[in-house]
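# Tertiary structure, described
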Amino acid sequence: MTLKPEIKWGLEGVYVKESSICLIDLDNAKIYYRGYELSELALKSTFEETAYLILRGKLPSTAELREFTSELASNRELPKELLAFLRGLPSGLRPIDVLRLSIDYLGVLDREATARGPNEEVKATRLIAMAPTIVATYHRLTTDGSAPRPRTDLSHVANYYYMFFSREPGDEELRALETMFITYMEHGMNNSSFTAVTVASTLTDIYSVIVAALSSLKGPLHGGANFEALKTIIEVGDPSRAEEYVIDKVRRGEKIIGFGHRVYKRFADPRTVYLKDLARRLAVSKGGDYLKLFETARALEDAVERHLGHKGVHANTDLYASLIYYMLGFPMEYNPANFALARIVGWVAHVLEYWSVGGRLIRLMEYYVGPRDLRYLPINERG
Ligand code: ACO
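Throughout this document, residue positions are counted from 1 along each chain, in the order its sequence is written. Given that this is a predicted model, residues contribute local features only at a pLDDT of at least 70 and side-chain atom pairs are listed and counted only at 80 or more, while totals for whole chains, interfaces and linings are drawn from all residues. Heavy atoms from the whole structure form the basis of all side-chain values; hydrogens and water molecules are not counted.

## Focus: the pairing of strand S2 (residues 30-33)
Quick note on the threshold: What makes two strands pair is DSSP finding at least two bridges between them. Numbering of helices and strands runs from the N terminus; a helix is a DSSP stretch of H or I covering at least four residues, while a strand is a stretch of E covering at least two.
Inspection of the sheet shows strand S1 (residues 22-25) paired to S2 by four bridges, in the antiparallel sense. Paired with Asp25 across the bridge in S2 is Lys30. Taken together, S1 and the strand that follows it, S2, pair antiparallel across an intervening segment of four residues, in which Ala29 is found at a positive phi of about 55 degrees. The sheet contact formed by S2 and strand S3 (residues 36-37) spans two bridges and is antiparallel. Bridging from a neighbouring strand, Tyr32 pairs with Glu37 of S3. Following S2, the chain reverses through two residues before pairing antiparallel with S3; Arg34 in that reversal takes a positive phi of roughly 50 degrees.

This is the structure:
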């Protein structure tokens, strides 16, 4: 009988690959994409530039950025079969599910997509370009019944905003949306990226990889949290109620969504620092109830620090990110889908990186603790 191995519940602390994509520097509370500090990219860069950096390993030159921008812009249009598919969907579906179904359908339409082929990177870029069109089209079809064509003269996120809201973003909205997409674009070996790599290690096609990653992301402990976190802020509704809410949750032993992280135990998620600032600026600029909601989020953060900080539970990205999307006008059920529109870049980068070093099949072990040597009885003798 073999000795019981150490079991890493939740695979905590397990390294599955080498990577040069994202560094989470826990000593200095910083995150880097390909060596560049995320907080700087998030405030200064664009979706196209950072996606290029993450996918190709370096910041683009002017010519490279022009070419990549036009590659994305020219792949925004949906095939007519997918548009017909979206038209047939009922309203009220979760947008992240619509995205998952749509990418699965695109894979079915691609008759060469049974296994990894030479064009996987090209197909992946097409999916990155098309994903916002899918989400915005579903929104428009189920609100005003229209299916606007994407524009090629707008940037990736400006076009998404335009398609979603039927108007171009102002400077403030555009900068905030760029920041959000860059922030959510990548974060090391999180659950959905690990799912993507695991599935890709079977050498399946890129559509199946993204569908699997989306299935992971939608869970409330992962990307689904930016929907639940906003619900919490709205439900609490006033900073004066935050303390009582947190005490009640702690007493019941329930999780408070928008807080806690597998990696950030000693300090809050570094992304919350600049997102809190962005949320404050947007709340001040938009005024009204938004300011109260921002103060509520801040009061929740303070109360969680007081009651759960000693357990390593601090604010995570989703707390302020969920509010920022709300202040930009997105209905809250779109939050997880918006997360996915950015993280798809990280998934693709990890998968391409893993394939480039041989992509060894991922296969884990489990320690069996069930019964052995039971006698099989025919069903009429089992009582
Ligand atoms: N609210 C209340 N208590 C919490 C929370 C929380 N959000 N998170 C952790 N705790 C408690 C745990 O219950 C545990 O308490 P115990 O020691 O008394 O049993 C202690 O803190 C340690 O927590 P773990 O379960 O070890 O934390 P783990 O690393 O497994 O979980 C996770 C991380 C899943 C993210 C968790 O913090 C959580 O469920 N948070 C809420 C969901 C959420 O916001 N997810 C978004 C994550 S970030 C992202 O995906 C972008």
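## Brief notes about the site of the ligand
Spelled out, the test is: For this purpose, a residue is taken to be near a molecule or strand whenever a single non-hydrogen atom of the residue falls within 4 Å of it. Counted as a polar contact is a pair of N or O atoms within 3.5 Å, where, for protein atoms, one must be capable of donating a hydrogen and the other of accepting one, and residues adjacent in sequence contribute only when both atoms are in side chains. Using a 1.4 Å probe, accessible areas were evaluated by the Shrake-Rupley method; residue-level cover was limited to the displayed protein chains. Polar here means any residue outside two lists: the nonpolar Ala, Val, Leu, Ile, Met, Phe, Trp, Tyr, Cys and Pro, and the charged Asp, Glu, Lys and Arg; Gly therefore counts as polar.
In the vicinity of the ligand there are 20 residues, among which Ile256, Phe259, Arg262, Lys265 and Lys311 approach most closely. Note that an oxygen atom of the ligand is positioned 2.9 Å from one of the backbone N or O atoms of Gly258. Arg262 is positioned such that a nitrogen or oxygen atom in its side chain is 2.9 Å from an oxygen atom of the ligand. Computed on the free molecule, the ligand has an accessible area of 920 Å², of which 72% lies beneath the protein chains in the complex. For the shell around the ligand, a count of residues per class yields nine nonpolar, five polar and six charged.

## Here's the deal with the pattern of salt bridges
So the rule is basically this: A pairing counts as a salt bridge when a side-chain nitrogen of Lys or Arg comes within 4 Å of a carboxyl oxygen of Asp or Glu. Exposure categories follow from relative accessible area, calculated using a 1.4 Å probe and restricted to protein chains: below 20% of the type maximum is buried, above 50% is exposed, and the middle band is partly exposed.
All chains considered together, the criterion is met by 29 salt bridges. In this structure, Arg151 engages Asp153 in a salt bridge whose closest nitrogen and oxygen atoms are separated by 2.9 Å. Arg151 gets classed as partly exposed once you look at its relative accessible area, which sits at 23%. Notably, a salt bridge pairs Asp277 with Arg281, separated by 3.5 Å at the nearest N-O pair.

## Some remarks on a nonpolar patch on the surface
Note the threshold: The patch calculation keeps residues exceeding 30% relative accessible area without a salt bridge and links them within 9 Å when they carry like charges or within 5 Å when they are nonpolar (Val, Leu, Ile, Met, Phe, Trp, Tyr).
On the surface, Leu11, Val14, Val16, Met189 and Leu364 cluster together into a nonpolar patch covering about 370 Å² of accessible area. Among the structural elements, Leu11 can be located in the segment before S1. For Leu11, a relative accessible area of 35% translates into the label partly exposed.

## So, the domain arrangement of the chain
Under the convention used in this document: Per the annotation, domain bounds derive from an automatic or database assignment of domains. In this analysis, two residues are considered to be in contact whenever any of their non-hydrogen atoms come within 4.5 Å of each other. Summed over both partners, the accessible area lost on bringing two parts together, with a 1.4 Å probe, is the buried area.
Looking at the chain, the domain boundaries give domain 1 (22-219 + 333-356) and domain 2 (225-327). Between the C-alpha centres of domain 1 and domain 2 there is a distance of 26 Å. Listed by partner, the interface residues are 27 residues for domain 1 and 25 residues for domain 2. Interface area for domain 1 against domain 2, summed over the two sides, is near 2,100 Å², with a carbon-plus-sulfur share of 63%. In terms of surface lost to domain 2, no three residues of domain 1 exceed Leu26, Met180 and Asn335, which account for 27% of the buried area on that side. Linking Asp27 and Arg266 is a salt bridge whose minimum nitrogen-to-oxygen distance equals 3.9 Å. For the interface between domain 1 and domain 2, the tally reads nine residue pairs in polar contact (both at pLDDT 80 or more). Elements supplying a minimum of two residues to the side of domain 1 that touches domain 2: S2, helix H1 (38-44), helix H8 (171-184) and helix H16 (335-356).

## Some details on the packing of helix H12 (residues 242-252) against helix H14 (residues 289-308)
Basically, it comes down to this: Here the axes come from fitting lines to C-alpha atoms, over the contacting stretch only for helices, and the angles between their N-to-C directions go from 0 to 180 degrees. Any angle between 65 and 115 degrees counts as roughly perpendicular, while under 35 counts as roughly parallel, over 145 as roughly antiparallel, and the rest as oblique. If you view the pair so one helix is near and one far, a crossing is left-handed when the near helix is turned anticlockwise from the far one by less than a right angle, and right-handed when it is turned clockwise.
Put simply, H12 and H14 touch, their axes get as near as 8 Å, and they point 45 degrees apart. Relative to H14, the element H12 is oriented oblique. The handedness of the crossing between H12 and H14 comes out as right-handed. Here Ala242, Glu243, Tyr245, Val246, Ile247 and Val250 of H12 come into contact with H14, specifically with Thr296, Ala299, Leu300, Ala303, Val304, Arg306, His307 and Leu308. Class assignment of the residues belonging to the contact of H12 with H14 gives a composition of ten nonpolar, two polar and two charged.

## Considering the packing of aromatic side chains
Condition: Aromatic pairing here means that ring centres of Phe, Tyr or Trp (its six-membered ring) are within 6.5 Å. Orientation follows from the plane angle: under 30 degrees is stacked, over 60 is edge-to-face, and everything else is tilted.
All chains considered together, the criterion is met by 16 aromatic pairs. Seen in terms of ring centroids, Tyr290 and Tyr326 are 6.0 Å apart; in terms of plane orientation they differ by 85 degrees. Their pairing is edge-to-face. Here Tyr290, found in helix H14, pairs with Tyr326, found in helix H15 (residues 317-327); they are 36 residues apart in sequence, far enough to count as distant. Among the residues examined, Tyr290 registers a relative accessible area of 24% and is labelled partly exposed. With a relative accessible area of 26%, Tyr326 lands in the partly exposed category.

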